Amino acid sequence: LKESLRLSYPLTPRLLMSVIANQFDKYMISRLGSVDAAGLYSIGQKFAFPVFTLTTALGNVFVPNVYARMFSRRPEDEDTVGPYLTPWAYASFGSALGVALFSEELVRLLTAPQYHGAAVLVTVLAMYYAVMFFGKQPQLMFAKKTVLISVLSLAAIVVNAVGVTIGFTLWGTAGAAWGTLASGMVVVVLGQTVGARYYAIRWQYGPLAAIVSTFFASSILAIVLTGTGVSHVLVLAIKMSLVAAYLVLGYVLGILNAGTLELARQVFSGAGRTARSS
């Protein structure tokens, strides 16, 4: 019990900080701008948040397997952590891509005209939640550095506050979303740098670079196409082509094959059974 308490007690502040982090950006926007700006940002956040929910559900599948490889202490298992995570990165960024590309259509279908400006916010925040995939890796928990986890959580709040403040001051509500994305990237790099001191994941940098760059290029193109006056039929065709390109990339990288598709079917069917039973 004492050992468990020594491990878990330092995580207690993180629970409070997570509550603060979830609301702090909207509070900052309302203080710097207006309640209307905070409301628009909140709508964008609500549409993008399913990306976080889905990637967290995926994390519940891959994190235990990452732990198993870490605790085995065998060099051959350590070498498999990075390659094991690459398909999960592809799935996480792929789920975010769907929301990022079709944010304008979602917002126009489900909100009043005065909120259609939230489409860009949805895309940017979907990009932010996608990047958080790299923040779900459990190196520090594996090393029992729970104090560091809480310290990094506090640092994330501070960095996000700075990013939101600078972004909103310069470019309004859209700038706040970009500030959130920039701060998230800083926090992920910081977390991975600290985590690598205790357990270095041997990432597959080539495939990951292809996945991440394709995702960001497609998402930014979707932002550029938003509100440009281009025929919506043409815009939809471009977006579908971007989805197809991402699927082709998965095939080229050897991620989309019969084995992974069967695994995806099992994961989603299991999630469906859990939802029905509850």
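Shown above is the structure to which this text applies.
Cut-offs used in this document
- The written sequence of each chain sets the order in which its residues are numbered from 1.
- Since the coordinates come from a predicted model, pLDDT governs what is reported: local features require at least 70, and pairs of side-chain atoms require 80 or more to be given and counted, while whole-chain, interface and lining totals use all residues.
- Computation of side-chain values covers all heavy atoms of the structure but excludes hydrogens and water.
- Secondary structure elements follow DSSP: runs of H or I no shorter than four residues count as helices, runs of E no shorter than two count as strands, and numbering proceeds from the N terminus.
- Residues enter a nonpolar core if they are buried and are Ala, Val, Leu, Ile, Met, Phe, Trp, Tyr or Cys, with the set joined through side-chain atoms within 4.5 Å.
- Partly exposed describes any residue whose relative accessible area lies between the buried limit of under 20% and the exposed limit of over 50%, with all areas from a 1.4 Å probe on protein chains only and scaled to the type maximum.
- Residues are treated as being in contact if the distance between any of their heavy atoms lies within 4.5 Å.
- In this description, a line fitted to the C-alpha atoms serves as the axis of each element, helices being fitted only across the stretch in contact, and the angle between N-to-C directions of two axes falls anywhere from 0 to 180 degrees.
- These descriptions rest on fixed angle ranges, namely under 35 degrees for roughly parallel, over 145 for roughly antiparallel, 65 to 115 for roughly perpendicular, and the rest for oblique.
- Amino acid classes used here: Ala, Val, Leu, Ile, Met, Phe, Trp, Tyr, Cys and Pro are nonpolar; Asp, Glu, Lys and Arg are charged; the rest, including Gly, are polar.
- Classification of ring pairs uses Phe, Tyr and Trp, with its six-membered ring standing for Trp, and accepts pairs whose centres are within 6.5 Å; under 30 degrees between planes counts as stacked, over 60 as edge-to-face, and the remaining range as tilted.
- Here, a charge over a ring is recorded when the distance from Lys NZ or Arg CZ to the ring centre is within 6 Å and its angle to the ring normal is within 35 degrees.

**Structural notes on unusual backbone geometry**
Then, number 1: With a phi close to 60°, Lys144 is a non-glycine residue in the positive phi region.
Then, number 2: Inspection of the secondary structure puts Lys144 in the loop between α8 (139-142) and α9 (146-195).

**Description of the nonpolar core**
Then, number 1: Counting residues in each nonpolar core, the largest one holds 64 residues, and the members touching the most others are Ile29, Phe62, Leu85, Phe93, Phe133 and Phe215.
Then, number 2: Only α2 (12-32), α3 (35-72), α5 (81-101), α7 (118-131), α9, α10 (205-225) and α11 (232-252) provide two or more residues apiece to this core.
Then, number 3: The element that contributes the greatest number of residues to this core is α3, accounting for 13 residues.
Then, number 4: Residues in contact with Phe62, not counting those within four places in the same chain, are Tyr84, Leu85, Trp88, Phe133, Lys136 and Gln137.
Then, number 5: In this structure, Leu11, Leu140, Leu152 and Val194 belong to the second largest nonpolar core, which totals five residues.

**Some points on the packing of α5 against α10**
Then, number 1: Direction vectors running N to C along α5 and α10 enclose 5°, while the axes themselves pass 10 Å from each other. Overall, the two elements α5 and α10 adopt an arrangement that is roughly parallel. On the side of α5, the interface is formed by Thr86, Ala89, Tyr90, Phe93, Ala96, Leu97, Ala100 and Leu101, while α10 contributes Pro207, Leu208, Ile211, Val212, Phe215, Ser218, Ser219 and Ala222.
Then, number 2: Of the residues contributing to the contact of α5 with α10, the split by class is 13 nonpolar, three polar and no charged.

**Digging into the environment of Ser150**
Then, number 1: Positionally, Ser150 belongs in helix α9.
Then, number 2: Taking relative accessible area as the criterion, Ser150 reaches 8% and is therefore assigned buried.
Then, number 3: On a C-alpha basis, the gap between Ser150 and Pro13 in space is 6.4 Å, while along the polypeptide they are 137 residues apart.
Then, number 4: If we skip the residues at most four places from it in the chain, Ser150 touches Pro10, Leu11, Pro13, Arg14 and Met17.

**Quick look at the side chain of Ser95**
Then, number 1: Positionally, Ser95 belongs in helix α5.
Then, number 2: Accessibility expressed as a relative area gives 17% for Ser95, which makes it buried.

**Overview of the packing of aromatic side chains**
Then, number 1: By the definition in use, this model includes 16 aromatic pairs.
Then, number 2: Seen in terms of ring centroids, Phe133 and Phe134 are 5.2 Å apart; in terms of plane orientation they differ by 80°. Their pairing is edge-to-face.
Then, number 3: In this structure Phe133 comes out as buried when scored by relative accessible area, which is 1%.
Then, number 4: Taking relative accessible area as the criterion, Phe134 reaches 15% and is therefore assigned buried.
Then, number 5: Grouped by ring-pair contacts, the aromatic residues Phe62, Tyr84, Trp88, Phe93, Phe133, Phe134, Trp203, Phe215 and Phe216 constitute a single cluster.
Then, number 6: For the cation-ring pair, Arg69 lies above Tyr84, with the distance from its terminal atom to the ring centre recorded as 4.3 Å.

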